[in-house]
Amino acid sequence: MAYTKLIYHIVLRTYQGTAPIAEAYERDLYMYIYGFCKNHQCVLYRINGMPDHIHLLVGLHPTIAVASFVHDLKIATNNFMTLNRDRFPDFVKWEQGYCALTYSEADKPRIINYITNQKEHHRKITARDELVTILRDSGVEYDDRYL
């Protein structure tokens with residue numbers, strides 16, 4: 001028997017930082033992602049974002065690699081937003097990269113709070129500066145050219 005708890009904070013950015021996720025329709029996208037997670041035996045603890053990026057705190061099923069999850073999620077949500085062009089007319093695609101960081105059960109409330117307060121948080125900080133802070137705080141080396 002394997003005992004696992006694989007909690008990831010995942011950040012996806014829209015292509016070139018465009019802002020195609022209108023607040024009026026973000027819930028539609030988030031509900032779609034909730035269904036995607038459920039269908040892949042994953043637990044979506046929290047989702048929120050801004051017009052140009054989204055944050056998820058998700059518990060992945062132990063048979064799913066984070067790279068595969070993100071790949072499949074991007075394809076599925078790309079198709080969803082393309083089929084719903086009336087709600088997401090400016091969506092082109094997701095950026096090729098992504099951010100995925102692991103957290104423990106003890107970290108979960110803090111990350112849920114962080115994701116919940118995205119809109120207030122972004123009154124003070126840009127998406128780029130937010131990502132730099134997250135990466136630095138997590139000890140992740142990054143290349144400025146790809147932010």
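Residues numbered from 1 in each chain as written. Predicted model: local features only at pLDDT ≥ 70, side-chain atom pairs only at ≥ 80, totals over all residues. Heavy atoms only, no water.

1. Here's the deal with unusual backbone geometry
Going by this rule: We count a stretch as a helix when DSSP gives it H or I for four or more residues in a row; a strand needs E for two or more, and each element gets its number in order from the N terminus. Classification of residues uses two cut-offs on accessible area relative to the type maximum, computed with a 1.4 Å probe and protein chains only: under 20% is buried, over 50% is exposed, and between them is partly exposed.
Residue Gln16 is not a glycine yet carries a positive backbone phi of 55°. In this structure, Gln16 sits in the loop between strand S1 (6-13) and helix H1 (23-39). Phi at Gln41 is positive, roughly 60°, even though this residue is not glycine. Along the chain, Gln41 falls in the loop between H1 and strand S2 (43-50). By relative accessible area, Gln41 is classed as exposed at 56%.

2. Thoughts on the pairing of strand S4 (residues 99-103)
This is how it is decided: For two strands to be treated as a pair, DSSP must find no fewer than two bridges joining them.
Residues Cys99, Leu101 and Tyr103 line the buried face of S4, whereas the alternating positions Ala100 and Thr102 sit on a face that is not buried. In this sheet, S4 lies alongside S1 in antiparallel orientation, the contact comprising five bridges. Note on S4: the bridge partner recorded for Val11 is Cys99.

3. Examining the pattern of salt bridges
The test is simple: Definition used for salt bridges: Asp or Glu carboxyl oxygen within 4 Å of a side-chain nitrogen of Lys or Arg.
All told, the structure shown has seven salt bridges when counted by the stated rule. Note that Asp107 and Arg110 form a salt bridge whose closest N and O atoms lie 3.7 Å from each other. The exposure class assigned to Asp107 is partly exposed, which follows from its relative accessible area of 25%. Sharing partners across several salt bridges, the network here consists of Lys5, Glu105 and Lys108.

4. Remarks on the side chain of Lys108
Rules: Polar contacts, as used here, are pairs of N or O atoms within 3.5 Å; protein pairs need one atom able to donate a hydrogen and one able to accept it. Residues neighboring in sequence count only if both atoms are side-chain atoms. Only heavy atoms enter the contact rule, under which two residues are in contact if any of them lie within 4.5 Å.
The residue Lys108 is located in helix H3 (residues 108-116) in this model. The class for Lys108 is buried, based on a relative accessible area of 13%. At a separation of 3.0 Å, a polar atom in the side chain of Lys108 contacts the side chain of Glu105. Non-local contacts of Lys108, meaning those with residues more than four positions away in its chain, are made with Ile7, Tyr45 and Leu57.

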